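Notes for the structure review
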Amino acid sequence: MRKLLFAAASLGLLVTATPSIAAPCKDAKGKFTKCPPKAPVKATRCKAANGKFAKCGTPGAKPI
């Protein structure tokens, strides 16, 4: 009885963990493919009215 419960519990964990392992990317035909690498987030830089780099959020600073 104990082995049956252990087997059922391990099977339940295996079934729930499988979708998280699969790649979420699919092609037009619905087949799984390798996901393209994500582009790094570019930092926003700002320049002051005099043309020098300034901290964004200061008065007169505009993002470039």
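Presented here is a report on the structure given in the accompanying data block. (Residues numbered from 1 in each chain as written. Predicted model: local features only at pLDDT ≥ 70, side-chain atom pairs only at ≥ 80, totals over all residues. Heavy atoms only, no water.)

**Looking at the state of the cysteines**
The criterion, for reference: We call a pair of cysteine sulfur atoms a disulfide whenever their separation is within 2.5 Å. By the criteria applied, helices consist of DSSP H or I runs no shorter than four residues and strands consist of E runs no shorter than two, each listed in order from the N terminus. A 1.4 Å probe rolled over the protein chains alone gives each residue an accessible area, and that area as a share of the maximum for its type sets the label: buried under 20%, exposed over 50%, partly exposed in between.
Under the defined criterion, the tally for this structure stands at two disulfides. Between the sulfur of Cys25 and that of Cys35 lies a disulfide, 1.9 Å long from S to S. Here the disulfide of Cys25 and Cys35 is right-handed, its torsion about the S-S bond being about 115°. Linking Cys25 in the loop between α1 (2-21) and β1 (46-47) with Cys35 in the loop between α1 and β1, this pair joins segments that are 10 residues apart in sequence. Here Cys35 falls in the partly exposed class, since its relative accessible area comes to 29%.

**Comments concerning the packing of aromatic side chains**
Each aromatic ring pair is described using two quantities: the centre-to-centre distance and the angle formed by the ring planes. In plain terms, the rule: Here a Phe, Tyr or Trp ring, Trp counted by its six-membered ring, pairs with any other such ring whose centre lies within 6.5 Å, and the pair is stacked when the planes are under 30 degrees apart, edge-to-face when over 60, and tilted otherwise. Lysine and arginine charges are scored as sitting over a ring when NZ or CZ, respectively, is within 6 Å of the ring centre and within 35 degrees of the ring normal.
Throughout the structure, instances matching the rule amount to zero aromatic pairs. A cation over a ring is seen here: Arg45 above Phe53, with NZ or CZ 4.1 Å from the ring centre. Here Lys47 stacks its cationic end above the ring of Phe53, 5.1 Å away from the centre of that ring.

**Re the sheet that holds strand β3 (residues 62-63)**
Which entries qualify depends on this criterion: Here, strands pair whenever DSSP counts at least two bridges between them.
If you trace the three strands from one edge of the open sheet to the other, you get β2-β1-β3, paired in antiparallel fashion. Either end of the sheet is taken by a strand with one partner, and the two such strands are β2 (53-54) and β3. Where β1 meets β2, two bridges bridge the pair, whose relative direction is antiparallel. Its bridge partner being in β2, Cys46 is matched across the sheet by Ala54.

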